[in-house]
Amino acid sequence: MITLVPLDTINPTAVEMLLDAAFGPDRFTRTAYKIRGPGRPIAALSFAAVEDGALVGSIQCWPIALIDDHRESPLVMVGPVAVAPTRQGDGIGRSLVAQVLDAATANGLGDALMLIGDPDYYGRFFGFTADRTARWNAPGPVERHRLLARGEAVPDGTGMLGPRLPVTASA
């Protein structure tokens, strides 16, 4: 049976090993890592999936912003969603994303979420779209149709995605 727990209760080395297994050791070169920068994930929106004492999945959320010459629009970046390769396709990732969306709403952070991912999957199950992201830029290569967002406060403007100062659940 899968149990979802706060990610900060899990050994960080185990999380890093899971991320390497899911995405490869070159994951640090991906655009998503450049967008979120060196900051720390939002603890209230980061979870682990544990089964029989073993880490089988994790999700982290990050404080980022869409920055233009005139303003900084805060966003929460959802991901990475990592699932142990032997457990992919078992619904663990879907459970983790659903947990994040519930926690984001409960903590007042659900009105401006974004991620880089499969539009069919994240659109069908979670309501993410590329409707407002067409004029966003990223600090690295990104397939435009995979730049997705959801929430009433998602900016529909131009700008560069980048890190933001850490936020708390009460922010």
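Anything mentioned here points back to the structure above.
My aim in this report is to walk through the structure given alongside it, one point at a time.

Calculation rules
- Residues numbered from 1 in each chain as written.
- Predicted model: local features only at pLDDT ≥ 70, side-chain atom pairs only at ≥ 80, totals over all residues.
- Heavy atoms only, no water.
- Buried < 20%, exposed > 50% of the residue type's maximum accessible area, 1.4 Å probe, protein only.
- Helix = DSSP H or I, 4+ residues; strand = E, 2+ residues; numbered from the N terminus.
- Pairing = 2+ DSSP bridges.
- 1 Å grid on protein atoms, 1.4 Å probe; cavity = no way out; pocket = protein on both sides within 12 Å on 5 of 7 lines; lining within 4 Å.
- Points joined across faces, edges and corners; volume = space filled by probe spheres on them.
- Nonpolar A, V, L, I, M, F, W, Y, C, P; charged D, E, K, R; others polar.
- Polar contact = N/O pair within 3.5 Å; in protein donor to acceptor, adjacent residues only side chain to side chain.

Side note on the pairing of strand 3 (residues 54–67)
Inference 1: Among the 14 residues that make up strand 3, twelve are buried, leaving the element largely enclosed by the rest of the structure.
Inference 2: Across five bridges, strand 2 (residues 47–51) lies against strand 3 in antiparallel orientation. Paired with Ala48 across the bridge in strand 3 is Ser58.
Inference 3: Between strand 2 and strand 3, which follow one another and run antiparallel, lie two residues, and Asp52 among them has a positive phi close to 50 degrees.
Inference 4: Strand direction decides the pairing type here: strand 3 and strand 4 (residues 72–83), joined by ten bridges, are antiparallel. By the bridge assignment for strand 4, Leu66 is matched with Ser73.
Inference 5: Note that strand 3 and strand 8 (residues 159–163) share four bridges and pair antiparallel. Residue pairing across strands places Ala65 opposite Gly162, the latter belonging to strand 8.

Overview of the layout of surface pockets
Inference 1: Looking at the largest pocket, its volume works out to about 800 Å³.
Inference 2: Around the largest pocket, the lining comprises 32 residues; the ones closest to its centre are Phe23, Val81, Ile116, Tyr122 and Arg146.
Inference 3: Looking at the lining of the largest pocket, the elements that each hand over two or more residues are helix 1 (12–23), helix 2 (31–36), strand 4, helix 3 (92–106), strand 5 (113–116) and helix 4 (119–126).
Inference 4: The element best represented in the lining of the largest pocket is strand 4, accounting for six residues.
Inference 5: Looking at the lining of the largest pocket, its residues break down into 16 nonpolar, seven polar and nine charged.

As for the side chain of Arg87
Inference 1: Mapped onto the elements of the fold, Arg87 is located in the loop between strand 4 and helix 3.
Inference 2: A polar contact is formed between the side chain of Arg87 and the side chain of Asp90, at a distance of 2.7 Å.

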